[in-house]
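# Structural overview for review
Spelled out, the chains give:
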Amino acid sequence: MVAGICAGAVAAAVLAVAGTGGAEVCSMREDGRFVPASAAVASPAVTYDKKLVPVGSWIEIDQQTKENTGATTVKLRVKGMKPGHAYGVHVHQKPCAADPAAAGGHYQNKVSTDPADVNAENEVWLDFTADARGSGRATAWHSWGFREGEANSVVIHDVPGPSGARVACFTAPFK
Ligand SMILES: [Cu+2]
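Everything quoted here is computed from the prediction, not taken from an experiment.

What counts, and at which threshold
Residues numbered from 1 in each chain as written. Predicted model: local features only at pLDDT ≥ 70, side-chain atom pairs only at ≥ 80, totals over all residues. Helix = DSSP H or I, 4+ residues; strand = E, 2+ residues; numbered from the N terminus. Core = buried A, V, L, I, M, F, W, Y, C linked by C-beta atoms within 7 Å. Buried ≥ 20, exposed ≤ 12 C-beta atoms within 10 Å, placed from the backbone. Contact = placed C-beta atoms within 7 Å. Pairing = 2+ DSSP bridges. Axes fitted to C-alpha atoms, helices over the stretch in contact; angles between N-to-C directions. pLDDT = per-residue confidence, 0-100.

### Topic: the overall build of the protein chain
What the protein chain contains, in helices and strands, is one helix and 10 strands. For the protein chain, the succession of helices and strands along the chain, N to C, is α-β-β-β-β-β-β-β-β-β-β.

Structure follows, in structure tokens:
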């Protein structure tokens, strides 16, 4: 596990850039297999709808943030989903729990109550369509990074776009 050096990286980089000009990257990568929310064995990956996100299906989240600019790439990979199904995915604020609502709302760069700010530029969306084998992938790029401790999960929804039923959740400690 890399130390949590992304938070505050932009401000620090302003001071350091003349000296190093470096393009250091801090990263986070986590993967897990989905278990039922009722499972006795805790997992960072919980499914609330076993038809759309079967028990034993797999997710990996990879985050890369450039220290000098804060620019952030988040990648999602999944296996074992329902072939051909189109899913909606967002980074959410809180960790997952047995209650699908536990993950809270979407992480937003500009925190807002305006529905117009609910979009893939102000939030991290990773919508994907599973291929014939149930695999999928998505990538989101933003010029900004996450505020420390405010992005803690990835929620999979039953339909693409801004909302939809929560069918699974993966706890991931974004930096
Ligand atoms: Cu969501």
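### A closer look at the nonpolar core
When a protein is soluble and globular, its nonpolar side chains tend to lie buried together. Counting residues in each nonpolar core, the largest one holds 34 residues, and the members touching the most others are Val-89, Leu-126, Val-154, Ala-168 and Phe-170. Residue assignment for this core shows that the elements contributing at least two residues are strand S3 (45-47), strand S4 (58-66), strand S5 (72-79), strand S6 (86-92), strand S9 (153-157) and strand S10 (166-171). Residue contributions to this core peak at four residues, all from S10. Excluding anything up to four places from it in sequence, Phe-170 contacts Gly-32, Pro-44, Ala-45, Ile-59, Ile-61, Cys-96, Ser-153 and Val-154.

### Quick word on the environment of Ala-37
With respect to the helices and strands, the residue Ala-37 is situated in the loop between strand S2 (35-36) and S3. Judged by C-beta crowding, with 17 C-beta atoms within 10 Å, Ala-37 ranks as partly exposed. Each C-alpha atom, one on Ala-37 and one on Ala-97, is 7.3 Å from the other, the two residues being 60 residues apart in sequence. Setting aside its immediate chain neighbours within four residues, Ala-37 contacts Val-46, Tyr-48 and Ala-98.

### Section: the sheet that holds S5
Taken in spatial order, the four strands of this open sheet run S1-S4-S5-S8, and their pairing is antiparallel. The open sheet terminates on both sides in strands that have one partner only, identified here as strand S1 (25-33) and strand S8 (136-142). Sheet twist, expressed as the average angle between the axes of neighbouring strands with direction ignored, equals 10 degrees. Note: S5 against S8, seven bridges, orientation antiparallel. Across the sheet, residue Thr-73 finds its bridge partner in S8, namely Trp-141.

### Structural notes on the sheet that holds S10
In spatial order, the strands read S2-S3-S10-S9-S6-S7; together these six strands make up an open sheet with mixed pairing. Of all the strands in the sheet, the pair left with one neighbour each is S2 and strand S7 (128-129).

### Quick notes on the environment of Phe-34
With respect to the helices and strands, the residue Phe-34 is situated in the loop between S1 and S2. Assessed through the 28 C-beta atoms surrounding it within 10 Å, Phe-34 is described here as buried. Distance from Phe-34 to Pro-54, taken between C-alpha atoms, is 7.2 Å for residues 20 residues apart in sequence. When sequence neighbours within four positions are dropped, the list of residues in contact with Phe-34 reads Ala-45, Val-46, Thr-47, Val-53, Val-55, Gly-56, Ser-57 and Ala-168.

### Thoughts on the pairing of S6
Here S6 lies mainly inside the structure; six of its seven residues are buried. Note: S6 against S7, two bridges, orientation antiparallel. Residue pairing for S7: Ala-86 is matched across the bridge by Thr-129. Alignment of S6 against S9, held across five bridges, turns out to be antiparallel.

### A closer look at the confidence of the model for the protein chain
With 87% of its residues at a pLDDT of at least 70, the protein chain reaches an overall mean of 90. Scored below 50 in pLDDT, residues 8-21 makes nine contacts in the model with residues more than four places away or belonging to other chains.

### Overview of the environment of Arg-166
Relative to the assigned elements, Arg-166 resides in strand S10. Classification of Arg-166 by C-beta neighbours within 10 Å gives buried; the count is 20. Once the C-alpha coordinates of Arg-166 and Thr-47 are considered, the two residues, 119 residues apart in sequence, prove to be 8.9 Å apart. Once residues lying within four places of it in the same chain are set aside, the contact partners of Arg-166 are Tyr-48, Pro-100, Val-155 and His-157.

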